[in-house]
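Chain residues, written in single-letter form:
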Amino acid sequence: EKRAHHRRRGETSTSYKRTFAMPEDAERSGVSATCALGVLTVRIPKKPVPVPVAVPVSDTIPEAEQRHIHLAHLNVPGFKPSDATVEVTRGMLRIKLSKENGEKRERFASLPDSVKNHEHVHAAIANGVMAVWADNAAVREPAEMTVDVSSTPLALDDDWVMAAEGGDA
């Protein structure tokens with residue numbers, strides 16, 4: 001069965017597809033898009049600020065082939081696992097070392113974009129060396145999603161109004 005497509009003279013139809021990685025802090029369920037006056041607007045709300053995930057520090061560093069994704073390797077002579085605190089939040093690794101005598105060290109490192117499941121990040125101190133790694137379960141594959149586009153413009157909030165007025169939004 002053939003369908004007849006009727007169009008008014010001068011009316012055109014186009015299709016557009018754009019794929020991009022969603023920011024880690026994007027609230028996927030709230031993504032919306034509108035197209036008005038030839039401008040496509042995609043709104044991606046942020047998730048609430050996450051609570052840092054504490055990573056337990058053991059006293060045994062596994063062989064390199066068992067560590068899968070290497071995140072950090074530090075020389076920490078004289079520090080024990082009980083002297084270390086490791087936290088992961090928003091793609092950042094925070095390592096705090098503190099001895100009873102007051103000696104302190106703190107280091108930060110960015111996590112690779114592929115490491116999303118922070119419960120699979122591990123740390124250990126042995127023989128004056130600290131290693132932080134992630135196993136393969138920490139890796140998240142990119143997910144596709146479809147966003148419906150409406151022709152009704154979104155209501156502007158205070159941040160958008162400030163930006164339009166030349167503010168620092």
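Everything below is about the structure shown above.
Going along each chain's sequence as written, the residues are numbered from 1 onward. For this predicted model, a pLDDT threshold of at least 70 governs which residues receive local features, and a threshold of 80 or more governs which side-chain atom pairs are given and counted, while totals over whole chains, interfaces and linings are taken from all residues. Neither water nor hydrogens contribute to the side-chain values; these are computed over all heavy atoms in the structure.

### Quick word on the overall build of the protein chain
Step number 1: Looking only at helices and strands, the protein chain has one helix and eleven strands in total.
Step number 2: Listed by position from the N terminus, the elements making up the protein chain come as β-β-β-β-β-β-β-β-β-β-β-α.
Step number 3: A separation threshold of at least 6 residues defines the contact pool for the protein chain, and within that pool the share at least 24 residues apart is 55%.
Step number 4: By element, 50% of the accessible surface of the protein chain is carried by carbon and sulfur atoms, the whole surface being about 12,700 Å². Helix and strand assignments come from DSSP, with helices taken as H or I runs of at least 4 residues and strands as E runs of at least 2, each series counted from the N terminus. The contact rule is simple, with two residues in contact once any of their heavy atoms fall within 4.5 Å. Per-residue and other accessible areas were derived by the Shrake-Rupley procedure at a 1.4 Å probe size, with only the shown protein chains allowed to occlude residues.

### Digging into the sheet that holds strand β4 (residues 57-58)
Step number 1: Note: two strands are recorded as paired if DSSP finds a minimum of 2 bridges between them. Taken in spatial order, the four strands of this open sheet run β4-β9-β10-β5, and their pairing is mixed. Here the strands that pair on one side only, and so sit at the sheet edges, are β4 and β5 (69-75).
Step number 2: The pairing of strand β9 (residues 121-126) with strand β10 (residues 129-134) spans six bridges and is classified as antiparallel. If you follow alanine 124 over to β10, its bridge partner there is alanine 131.

### A few points about the pattern of salt bridges
Step number 1: Throughout this description, the term salt bridge denotes a Lys or Arg side-chain nitrogen within 4 Å of a carboxyl oxygen of Asp or Glu. All told, the structure shown has four salt bridges when counted by the stated rule.
Step number 2: As a salt-bridge pair, arginine 94 and glutamate 106 come within 2.6 Å of each other at their nearest N and O atoms. Separated by twelve residues along the polypeptide, arginine 94 in strand β7 (residues 92-98) and glutamate 106 in strand β8 (residues 104-110) bring together distant segments of the chain.
Step number 3: Owing to a relative accessible area of 35%, glutamate 106 belongs among the partly exposed residues under this scheme.
Step number 4: Between glutamate 103 and arginine 105 there is a salt bridge; the shortest N-O distance is 3.8 Å.
Step number 5: One network of salt bridges, with partners in common, ties together Glu87, Arg94 and Glu106. Accessible area is worked out with a 1.4 Å probe on protein chains only. A residue is then buried under 20% of its type maximum, exposed over 50%, and partly exposed in between.

### Description of the pairing of β9
Step number 1: Within β9, five of the six residues are buried, which leaves it mostly tucked inside the rest of the structure.
Step number 2: With antiparallel pairing between neighbouring strands as the criterion, β9 and β10 make up a hairpin whose turn holds two residues, including asparagine 127 at a positive phi of roughly 55°.

By themselves these figures say nothing about function.
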